[in-house]
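# Fold and contact review
Take a look at the letters that make up each chain.
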Amino acid sequence: MQEVYEALKQGKEIRNNLIALKQMLKEEGALDTYLSMTEDDELIASFLQDEDAKIRKNAALVLGLVQSQESIEMLWEAYESETQLFVKSAYLSAMQKLDCRAYEKKLKERYRRLSAYEPSEDERKHIQEELMELRRMVIQFDGGISRHPFIGYKRPQNFILTTLKNYQDTTSVQIENGMTRIIPMGVQVADGSIDEVLKIRTFREILFTLRCDKNLPPQPSVIAGELARSNLTRLLSELHEGEAPFYFRIEIKGSMPLEKKSSFAKKLAAEIEHRTHRFLVNSTDNYEVELRFVENRKGGFYPCMKLYTIPMKRFAYRKYTTSASMHPSMAALLVELASSWLTEYAHVVDAFCGTGTLLMERMYALPVRTAYAVDTFGDAIIGARENAGIAHMNINFVQRSFMSFTHAFEFHEIWADMPIRGKKTKEEQDELYQSFFVKALELLRERGRIFLYCNENGLVKKHLRLLGDSLNLKQEFCIREKDGTYFFIIEKR
């Protein structure tokens with residue numbers, strides 16, 4: 001960094017060295033190094049007057065990275081006088097990292113005028129970039145985005161409830177109002193009630209369907225045109241209180257490479273802003289709406305919409321999680337699959353509780369008399385205890401290995417989301433399953449049941465054979481064929 005800075009002082013390869021300095025400053029600890037070797041940023045700020053537009057752009061970005069408050073006035077003056085559109089967003093990007101309240105009124109006026117401006121095709125990309133930076137600043141000035149309150153609970157709507165493949169019926173049978181149809185993504189509902197489905201625990205997301213071509217070509221301008229002609233803007237207005245704009249993000253689902261996906265999403269977002277006359281405004285940090293495009297086998301896209309304005313309270317207890325935590329909709333699905341085997345007012349223990357999701361979903365389904373949650377991981381137990389408090393559930397937490405857990409009475413149910421093999425050898429995993437079943441037999445009362453979720457189908461079948469008549473496999477479900485996960489219901493004879 002010292003060499004690069006010295007070269008800049010000598011006026012050598014200014015553009016390349018500014019780019020190099022910009023990259024270095026993004027590394028951890030680099031800012032402290034930079035500040036220790038420079039007394040001020042007059043050198044970098046001087047490049048804002050350079051004849052080379054790319055030098056001006058990179059100088060502005062460096063000043064933002066070093067958070068040079070002393071350069072705020074020079075950045076503003078350079079922004080106002082800049083004639084090259086592709087540079088203007090760089091000044092704004094830098095100013096965002098500084099205290100720029102003195103320019104709030106002027107920046108808001110610039111945003112208002114630029115939002116009303118109809119750019120030519122050549123200007124559009126750079127105008128969009130400038131607008132995006134201005135928008136972020138305006139949002140900061142106003143204390144963030146005020147979300148539109150959702151009011152569409154009672155009005156019949158068309159939507160999709162996303163579910164696990166092959167288990168769409170588990171959710172479908174719980175829907176009382178509206179017409180349902182099974183599709184690969186989940187359950188398609190026509191004229192359904194949002195108020196009703198928010199009580200169902202086995203789906204993952206609500207996606208609103210749009211009245212437009214369901215096989216859109218991978219062309220941003222065509223997709224944006226279809227959306228602008230669809231019921232999208234009308235639907236958003238009907239479902240919410242308040243006026244436009246609505247802030248949105250793009251999500252592309254499919255096989256498109258990540259680099260291409262990012263570029264495609266950026267172009268599509270700009271086109272949607274343009275075609276909806278900024279009724280919809282793109283924001284990657286603050287948004288209320290996700291426009292999702294699901295790629296099909298032919299390379300086209302199925303469009304749908306997810307709303308972040310709907311208060312989702314189904315899993316409000318789930319404040320603390322770990323990387324291994326089960327998604328609550330998965331836990332709810334397992335409990336639903338096991339519903340005919342559950343015991344009311346049972347003594348229940350979760351053998352590997354993590355942050356408690358599976359056990360708490362079991363307790364939502366049917367009352368229990370006592371509940372124990374066992375895990376060796378202290379942070380998980382702490383998080384699970386907090387989650388249980390939020391859910392107002394009385395659970396006894398025990399930080400120890402399930403294999404050494406003992407209790408005075410026997411249990412009706414043992415639940416287990418078995419640890420994945422990870423760094424364990426096959427022999428170590430085999431020993432884990434053997435020890436688990438031995439301990440389960442010790443803790444279970446007669447006709448007590450094990451509800452076991454795992455990806456070791458072979459080990460489960462092996463140890464059930466070795467235990468002979470002690471345990472009886474009552475039912476099994478292939479949850480995800482791709483990763484070999486199964487759910488077993490096993491009863492003690």
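Scroll up a little and you will see the structure.
Before going into details, it helps to say that this report is about the structure given with it. (Residues numbered from 1 in each chain as written. Predicted model: local features only at pLDDT ≥ 70, side-chain atom pairs only at ≥ 80, totals over all residues. Heavy atoms only, no water.)

Let's shift gears to the packing of helix α15 (residues 328–337) against helix α16 (residues 357–365). For the pair α15 and α16, interaxial distance at closest approach is 9 Å and the crossing angle is 50°. What the angle tells us is that α15 and α16 run oblique. Relative to α16, the crossing made by α15 is right-handed. Between α15, through P328, A331, A332, L334 and V335, and α16, the contact on the second element is made entirely by T357, L358, E361, R362 and A365. For the contact of α15 with α16, the residue count by class is 7 nonpolar, 1 polar and 2 charged. (Axes fitted to C-alpha atoms, helices over the stretch in contact; angles between N-to-C directions. Helix = DSSP H or I, 4+ residues; strand = E, 2+ residues; numbered from the N terminus. Parallel < 35°, antiparallel > 145°, perpendicular 65-115°, else oblique. Left-handed = near helix turned anticlockwise from the far one by under 90°. Contact = heavy atoms within 4.5 Å. Nonpolar A, V, L, I, M, F, W, Y, C, P; charged D, E, K, R; others polar.)

On to the sheet that holds strand β9 (residues 346–350), then. One open sheet accounts for 7 strands, arranged β11-β10-β9-β12-β13-β15-β14; its pairing is mixed. Only two strands of the sheet have a single partner each, and these edge strands are β11 (396–399) and β14 (471–480). Across the sheet, the mean angle from the axis of one strand to that of its neighbour is 15°, orientation sign disregarded. Looking at chain direction, β9 and strand β10 (residues 368–375) are connected through 5 bridges and run parallel. For V348, the partnering residue across the bridge sits in β10 and is A371. In the packing of helix α17 (residues 378–391) onto the sheet, the strands contacted are β10 and β11, and the crossing angle to β11 comes to about 175°. In this fold helix α18 (residues 426–443) packs onto β12 (411–417), β13 (444–454), β14 and β15 (485–492), with an angle of close to 150° to the strand it touches most, β13. (Pairing = 2+ DSSP bridges.)

A word on the pattern of salt bridges. This model, assessed by the stated rule, comprises 33 salt bridges. Between K108 and E104 there is a salt bridge, with the nearest N and O atoms lying 3.0 Å from each other. Of this pair, K108 and E104 both sit in helix α8 (residues 104–116), 4 residues apart, roughly one helical turn. You can call K108 partly exposed: its relative accessible area is 27%. Put simply, E238 and R234 hold a salt bridge, and the shortest N to O gap is 2.8 Å. Here the residue E238 and the residue R234 both occupy positions in helix α13 (residues 232–239), the gap between them amounting to 4 residues, near one helical turn. Put simply, E205, R249, E251, K253, E290, R292 and K306 are held in one network by salt bridges that share partners. (Salt bridge = Lys/Arg side-chain N within 4 Å of Asp/Glu carboxyl O. Buried < 20%, exposed > 50% of the residue type's maximum accessible area, 1.4 Å probe, protein only.)

Right, let's get into the nonpolar core. Judged by nonpolar contacts, the single largest core of 43 residues is most densely connected at L8, L18, I44, F47 and L75. The residues touching F47, leaving out its near neighbours within four places in the chain, are L8, I14, L18, I55, R56 and A59. Of all hydrophobic cores here, the second largest spans 42 residues; its members include F203, L239, F246 and L268. (Core = buried A, V, L, I, M, F, W, Y, C linked by side-chain atoms within 4.5 Å.)

A cluster of acidic side chains, namely E39, D40, E42 and E70, defines a negative patch on the protein surface. Inspection of the secondary structure puts D40 in the loop between α3 (30–37) and α4 (42–46). Judged by its relative accessible area of 38%, D40 is partly exposed. (Patch = residues over 30% accessible without salt bridge, like charges linked within 9 Å, V, L, I, M, F, W, Y side chains within 5 Å. Areas by Shrake-Rupley, 256 points an atom, 1.4 Å probe, with all protein chains shown as cover. Lys, Arg positive; Asp, Glu negative; His and termini not counted. Charge placed at Lys NZ, Arg CZ, Asp CG, Glu CD.)

Okay, the packing of aromatic side chains next. Using the criterion set out here, one finds 21 aromatic pairs in the structure. An angle of 65° between the planes, with centres 6.4 Å apart, marks the rings of F159 and F208 as edge-to-face. With F159 in strand β1 (residues 157–162) and F208 in strand β4 (residues 206–209), this pair connects stretches of sequence that are 49 residues apart. A residue is classified by how much of its surface remains accessible, and F208, at 0% relative accessible area, is buried. Relative to F451, the ring of W415 lies with its centre 4.3 Å away and its plane at 15°, an arrangement referred to as stacked. Placement of W415 in strand β12 and of F451 in strand β13 is noted, with a sequence separation of 36 residues between them. (Phe/Tyr/Trp six-rings, centres within 6.5 Å; stacked < 30°, edge-to-face > 60°.)

Right, let's talk about the environment of R400 for a bit. Examined against the element boundaries, R400 turns out to sit in the loop between β11 and β12. Taking the relative accessible area as the measure of exposure, R400 reaches 37% and is therefore partly exposed. For the pair R400 and I183, spaced 217 residues apart in sequence, the C-alpha to C-alpha distance is 44 Å. Among all residues touching R400, those that are not within four sequence positions of it are V374, D375, T376, F405 and T406.

Along the chain, A332 falls in helix α15. When the C-alpha positions of A332 and S263 are compared, they lie 37 Å apart, and in sequence the two are 69 residues distant. Sequence-distant contacts of A332, that is, excluding residues within four places in its chain, are made with R201, T202 and E361.

Counting through the fold element by element, E288 comes out in the loop between β6 (280–282) and β7 (289–295). Here E288 is buried and forms no salt bridge, its nearest opposite-charge partner R147 lying at an N-O distance of 5.8 Å. A polar contact is formed between the side chain of E288 and the side chain of H148, at a distance of 2.7 Å. With sequence-adjacent residues up to four places away left out, E288 is seen in contact with I145, S146, R147, H148, P245, F246, Y247, K306, L307, Y308 and T309. (Polar contact = N/O pair within 3.5 Å; in protein donor to acceptor, adjacent residues only side chain to side chain.)

What follows is about the pairing of strand β8 (residues 301–307). Within β8, 7 of the 7 residues are buried, which leaves the element mostly enclosed by the surrounding structure. Going residue by residue along β8, you find F301, P303, M305 and L307 tucked away on one face and Y302, C304 and K306 tucked away on the opposite face as well. Where β4 meets β8, 2 bridges bridge the pair, whose relative direction is antiparallel. Its bridge partner lying in β8, F208 is registered against M305. Both β7 and β8 contribute to a ladder of 7 bridges, which runs antiparallel. Within β8, the position partnered with V289 by the bridge is L307. Linking β7 back to β8 in an antiparallel pair, the connection comprises 5 residues, with G299 at a positive phi of about 90°.

In space, the 8 strands of this open sheet follow the order β2-β3-β1-β4-β8-β7-β5-β6, with mixed pairing throughout. Both edges of this open sheet fall to β2 (179–183) and β6, since each of them pairs with a single strand only. When the angles between neighbouring strand axes are averaged without regard to direction, this sheet yields 35°. Relative to strand β3 (residues 186–192), β1 is paired through 5 bridges, and the arrangement is antiparallel. For L161, the partnering residue across the bridge sits in β3 and is V187.

Bear in mind that shape data such as this cannot, by itself, settle questions of function.
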